[in-house]
Amino acid sequence: MTVTETVTVTSTETVAAIKRSPIRTGAAIPRLLYIPAVVGLALLILPIVGLFLRADWPRVPAAIMSVEAQSALGLSLQTALSSTVLCIIVGVPLALLIARSGSRVAGLLRALTTLPLVMPPLVGGIALLYLLGRNGLVGSGLELAFGIRIPFTTAAVVIAQSFVALPFLVISVEGALRTAGTRFETVAATLGAGRWMVFRRVTLPLIMPGLLAGTVLCFARALGEFGATALFAGNAAGITRTMPLAIYTAFNGAGVSQDSAIALSLLLIVVSIVILFLLRSWRTTPEL
């Protein structure tokens, strides 16, 4: 047996042994690193545990069913759904533009798109006011020409939520587009399919998992939006007071009771957990 054959046999046996042997979780992690890892995990979990322990569980159903809580919950679901639809309408074309642009243009567009992710939400609210407010860049013209006033309305809630949630959808869809590539689109085009036909029958089915994941993330982010909404839309009960604003109002001594605030907080946590499980079910992990 030659040296090459020996190395090949040895490599094959090694790979087979690795596949047969069970993987020991944390085998390569120094033991000392477990301490900060546990501290980090506790920092993430213990506040939620404290909230669950603080809740008065017999009164949670009644708190959720109160008029104020139901109003905030209904408005949150309505505006989050509306903003998610708006993000899909404008976000999918934007993601397609970024994915199909050159590296420099794509990099610039991606940086501009992800800016709301690193921008403080309160700054986003101020920026929206200076754009769509009475003296804003666009808002002044809308009010003078059409009598339309956007700030401190339900429409302002939808716009604020869309502003902070849109990057989540764009990033997910762009990643799916780059993973899918353009091979199938090129084949369809050479067979005579038009651009709209290629988009509807080829592109959309290929990116559907990424689009679904981005939609769920977008909805979750819109549902939990607080900062930009508070500055741009205000905190009017039944008009702009979403669940995060109702929780904030309750802990400042006004609006719904503190029990309702805790109940709404628990509801938001449950929704977040459901969303995480949905995202996990859409992901596939290749086996070794």
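Residues numbered from 1 in each chain as written. Predicted model: local features only at pLDDT ≥ 70, side-chain atom pairs only at ≥ 80, totals over all residues. Heavy atoms only, no water.

Caption draft 1: The arrangement of the overall build of the chain in detail. Looking only at helices and strands, the chain features 14 helices and zero strands. The helix and strand sequence of the chain, counted from the amino end, reads α-α-α-α-α-α-α-α-α-α-α-α-α-α. Within the chain, the proportion of its 288 residues that are buried is 32%. Here the contacts in the chain between residues at least 6 apart in sequence split such that 72% fall between residues at least 24 apart. Put simply, the chain shows about 17800 Å² of open surface, and 70% of that area lies on carbon and sulfur atoms. (Helix = DSSP H or I, 4+ residues; strand = E, 2+ residues; numbered from the N terminus. Buried < 20%, exposed > 50% of the residue type's maximum accessible area, 1.4 Å probe, protein only. Contact = heavy atoms within 4.5 Å. Areas by Shrake-Rupley, 256 points an atom, 1.4 Å probe, with all protein chains shown as cover.)

Caption draft 2: Representation of the UniProt feature "transmembrane region" (unreviewed entry) in the chain within the structure. The sites that carry the UniProt feature "transmembrane region" (unreviewed entry) are, in the present numbering, residues 32-55, 75-99, 111-132, 152-173, 202-223 and 261-279. A helix fraction of 86% and a strand fraction of 0% characterise residues 111-132, whose end C-alpha atoms lie 23 Å from each other. In this annotation, residues 202-223 is assigned 100% helix and 0% strand; the end-to-end C-alpha distance for the span is 31 Å. (UniProt positions renumbered as here; feature names shortened; annotations may be inferred.)

Caption draft 3: Examining the pattern of salt bridges more closely. Applying the stated criterion across every chain yields a total of six salt bridges. Between glutamate 174 and arginine 110 there is a salt bridge, with the nearest N and O atoms lying 2.7 Å from each other. Of this pair, glutamate 174 sits in helix α9 (residues 154-180) while arginine 110 sits in helix α5 (residues 103-113); the two residues are 64 residues apart in sequence, bridging distant segments of the chain. (Salt bridge = Lys/Arg side-chain N within 4 Å of Asp/Glu carboxyl O.)

Caption draft 4: Summary view of the nonpolar core. Counting 29 residues, the largest nonpolar core has Val173, Leu177, Met243 and Leu264 as the members making the most contacts within it. Taken together, the elements giving at least two residues each to this core come down to α4 (67-99), α9, α11 (195-223), α13 (243-250) and α14 (258-282). Per element, the largest residue contribution to this core is nine residues, and it comes from α4. In contact with methionine 243, other than residues within four places in its own chain, are Ala72, Leu73, Ser76, Leu223, Leu264, Leu267 and Leu268. Residues Ala160, Val164, Ala228 and Phe232 belong to the second largest nonpolar core, which totals 10 residues. (Core = buried A, V, L, I, M, F, W, Y, C linked by side-chain atoms within 4.5 Å.)

Caption draft 5: A look at the packing of α5 against α9. Interhelical geometry of α5 versus α9 gives an angle of 150° and a closest axis separation of 10 Å. In terms of orientation, α5 lies roughly antiparallel with respect to α9. Residues Ala106, Arg110 and Thr113 of α5 pack against Pro167, Val170, Glu174 and Arg178 of α9. (Axes fitted to C-alpha atoms, helices over the stretch in contact; angles between N-to-C directions. Parallel < 35°, antiparallel > 145°, perpendicular 65-115°, else oblique.)

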